[in-house]
Amino acid sequence: VVPAGVALRIQGTVAKPHAALRHAYNNFGVRCASGKETERCSEAKRKGLYVDGSAGRASISVDRLLAHVAMTAWIIAQPTCKLKWLQSVVGRWVSDFAVRRPAFGCFDKVWAHIVRAPLRAPLPPGVVDELLMAVCMIPLLYTDMRMPVDPYPMATDASETGGGATVATGLT
């Protein structure tokens, strides 16, 4: 956490390591996109992600969420749904769920339906329920960037034939 006075003083400036990196990129002919850079500011919105440095939160931008809600409502309201439509809206929700990984768990029947669905069919009630659950989870879709890092990070993975887990003894 940067003290408020320091944050105000450095706002809009470029950190020395960042400036050096830009210089190196420039030497190799890699240009930064004009108008897309965001340096040392308290708020930023990029690719649908809203970062509020003062609150220490990263969340999905309101306009992006509204678009996803509208798409989801439209698909649910249709008498039949094209598989491509469902895949598109689910892909958007999956992108949103990245800020709160446990949210991925709300899609179970959705995945089963996508695997076996015809190119166009009515959505089964369980799929509709899970799509509505995604909409209802919107208030939970944020990351608290001030949460402490667990001293014992872990990783898991699974396949159809087994699984595994590991725990680190510290951070490097």
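Structure first, text after, so check above.
Residues numbered from 1 in each chain as written. Predicted model: local features only at pLDDT ≥ 70, side-chain atom pairs only at ≥ 80, totals over all residues. Heavy atoms only, no water.

### Re the nonpolar core
So, step 1. Leu 86, Val 90, Trp 93, Phe 97, Phe 107, Leu 123 and Leu 131 are the most contacted members of the largest nonpolar core, which totals 24 residues.
So, step 2. When contributions to this core are tallied by element, the ones reaching two or more residues are α3 (62-77), α4 (83-97), α5 (109-116) and α6 (125-136).
So, step 3. Top element by residues in this core is α4. It accounts for six residues.
So, step 4. Once you skip the residues sitting within four places of it in the chain, Leu 131 turns out to touch Thr 72, Ile 76, Leu 86, Val 89, Val 90, Phe 107 and Leu 123. (Core = buried A, V, L, I, M, F, W, Y, C linked by side-chain atoms within 4.5 Å. Buried < 20%, exposed > 50% of the residue type's maximum accessible area, 1.4 Å probe, protein only. Helix = DSSP H or I, 4+ residues; strand = E, 2+ residues; numbered from the N terminus. Contact = heavy atoms within 4.5 Å.)

### As for the pairing of strand β8 (residues 163-167)
So, step 1. Along β8, only zero of the five residues are buried, which leaves the element largely exposed.
So, step 2. Bridge analysis of strand β7 (residues 154-158) against β8 gives five bridges, and the strand direction is antiparallel. By the bridge assignment for β8, Ala 155 is matched with Thr 166.
So, step 3. Where β7 folds back on β8, the antiparallel hairpin that results is connected by four residues. (Pairing = 2+ DSSP bridges.)

Shape is all these values report; function is a separate question.
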